[in-house]
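# A look at the structure
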Amino acid sequence: MGILSSKLAAVKPSQTKAMTALAASLRADGKSIITLSQGEPDFATPPNICKAATDAIAAGHTKYTAVAGITPLREAVVEKFSRENGLTFSVDQVTVGCGAKQLLFNALVASLDEGDEVVFPTPCWVSYPEMIKLAGGTPVALETRVENGFILRPEALRAALGPRTKWLMLNSPSNPTGAVYSRDDLQALAAVLRDFPDVWVLADDIYEHLVYGDAAFATMAEVAPDLADRVLTVNGVSKSYAMTGWRVGYAAGPLELIKAMNTVQGQSTSHTCSIAQHAALEALTGDQSFLPEFRKAFQARRDLVVGLLNEVDGLSCRTPDGAFYVFVACDALLGRTAPSGKRIETDMDFAMYLMEEAGVAVVPGSGFLADGFIRISYASSEEELRQACSAIAAAVAALA
Ligand code: PLP
């Protein structure tokens, strides 16, 4: 009998983290690599938020907190949901954890029994299927198509739901496609869910503030209030407030589920860092004026990258409405040969080729359950993005 659990044998490490780690180790060996594999804003955390953290230390907020998070932060989350999403929660219906990631995981651990199914559209964030498996559930991937803007169609949802389905996990704006579900898209899915009263919705809204052009953010509990007693809404400060390392996310939903999530958290991490909670309180209640500035910068970078990559023969991408990723089809290049003589058979081969030949780290689409694509994060400076796109173009031109 080995030391590792059989459950873990089916769980893959994150490809996003793997590509980023490989880029870091090549860089440590002296190779110049532009990292477009990381889902992280390049902006610094705004100074008022950093000051709130140092003030918290000076004030002695360095001890254990309540499992669900400090009350002022949970009150600020209640206020945020009311102000920005028209949602009403009591403070007890809010829990705070180590990033949206841990809250998603807590919710799955708190709700899944062996064999329970969780359906989610693909391409999806690398962690969904693996978290579901770790929590003892069965991931059910529903493929969406570029022709539909990578939006899950109601008929595909209906066909996938069954007696074992516990959750629909929805992420909008989406990592990796940048697709944004409109109110109509959500209404169409809600109409299906009304026929399946035992299916809950896990809304992962972590990219809420990063929506561009005419697209508008919407979330299921707001669009379909009659379903709100089976919706968990998850969000956090990582992406919007450039606070990925602080590890603060929050979730709000039915009390019974929130209490169970608190039990999971209370027996694992206890709570997220007390100092980071005070910083997140400032993020949610302090100056919000940099949010439109971040959004404007991301939109300009998106337009730059989409324009440059669509000029490359063999690559194509739609203009994403949100988040900070471009999901680029590279299937036209599969079967070609690199100058080294190696054939590019898969998106992984292509991503490795770009790392070696172009010095650009991207993530292969297969990590997001979508073969024949690569994901490029444009949360980098315009100068780096230009350099990376021209290196990618040169590497593609070198394929025979
Ligand atoms: N959900 C999605 C879709 C993400 O892409 C990420 C981060 O990459 C997260 C959740 C996790 O965010 P956090 O930093 O709050 O854990």
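Calculation notes
- Residues numbered from 1 in each chain as written.
- Predicted model: local features only at pLDDT ≥ 70, side-chain atom pairs only at ≥ 80, totals over all residues.
- pLDDT = per-residue confidence, 0-100.
- Axes fitted to C-alpha atoms, helices over the stretch in contact; angles between N-to-C directions.
- Helix = DSSP H or I, 4+ residues; strand = E, 2+ residues; numbered from the N terminus.
- Parallel < 35°, antiparallel > 145°, perpendicular 65-115°, else oblique.
- Contact = placed C-beta atoms within 7 Å.
- Nonpolar A, V, L, I, M, F, W, Y, C, P; charged D, E, K, R; others polar.
- Core = buried A, V, L, I, M, F, W, Y, C linked by C-beta atoms within 7 Å.
- Buried ≥ 20, exposed ≤ 12 C-beta atoms within 10 Å, placed from the backbone.
- Domains from an automatic or database assignment.

### Let's talk about the confidence of the model for the chain
- Per-residue confidence for the chain gives a mean pLDDT of 96, with 100% of residues at or over 70.
- For this predicted complex, the interface confidence reaches an ipTM of 0.99, while the overall pTM sits at 0.96.

### Quick word on the packing of helix α12 (residues 290-310) against helix α14 (residues 382-397)
- Packing of α12 against α14 leaves a shortest axis separation of 10 Å and a crossing angle of 10°. Comparing their axes, α14 and α12 come out roughly parallel. Across the interface between the two elements, R301, L304, V305, L308 and L309 from α12 touch E382, L385 and C389 from α14.
- Split by residue class, the contact of α12 with α14 holds six nonpolar, no polar and two charged.

### Some thoughts on unusual backbone geometry
- The step from S172 to P173 runs through a cis peptide bond, and the omega angle for that step is -10°.
- Looking at the secondary structure, you find P173 in the loop between β5 (165-171) and α8 (183-193).
- Residues N175 and P176 are joined by a peptide bond in cis, for which omega reads 25°.
- Despite not being glycine, S270 shows a phi value in the positive range, around 75°.

### Brief notes about the nonpolar core
- Counting 130 residues, the largest nonpolar core has L202, A280, V326, V328, L354 and V360 as its most contacted members.
- By residue number, the principal contributor to this core is helix α5 (residues 99-111), which donates seven residues.
- Built from parts of two domains, this core gets at least three residues from each of domain 1 (6-44 + 290-397) and domain 2 (47-285).
- Beyond its immediate chain neighbours, meaning those up to four positions away, A280 contacts L73, V237, W246 and V248.

### Here's the deal with the environment of L257
- Among the structural elements, L257 can be located in helix α10 (residues 255-266).
- Spatially, the C-alpha atom of L257 lies 28 Å from that of I151, the residues being 106 residues apart in sequence.
- Discounting residues that sit within four places of it in the chain, L257 has contacts with A107, A110, S111 and L232.

### Remarks on the packing of helix α13 (residues 347-358) against α14
- Viewed as axis vectors pointing N to C, α13 and α14 meet at an angle of 110°, and their least axial separation amounts to 10 Å. The orientation of α13 relative to α14 falls into the category roughly perpendicular. Across the interface between the two elements, Y353, L354, E357 and A358 of α13 pack against A391, I392, A394 and A395 of α14.
- For the contact of α13 with α14, the residue count by class is seven nonpolar, no polar and one charged.

### Points about the environment of T165
- Along the chain, T165 turns up in strand β5.
- As a C-alpha pair, T165 and D214 span 49 residues in sequence and 34 Å in three-dimensional space.
- Discounting chain neighbours no more than four positions away, the residues touching T165 are E117, V119 and V199.

### Points about the domain arrangement of the chain
- In terms of domain boundaries, the chain breaks down into domain 1 (6-44 + 290-397) and domain 2 (47-285).
- If you average the C-alpha positions of domain 1 and of domain 2, the two centres end up 26 Å apart.
- Each side of the interface is counted separately: domain 1 has 32 residues, and domain 2 has 31 residues.
- Residue classes in the side of domain 1 that touches domain 2 are distributed as 16 nonpolar, eight polar and eight charged.

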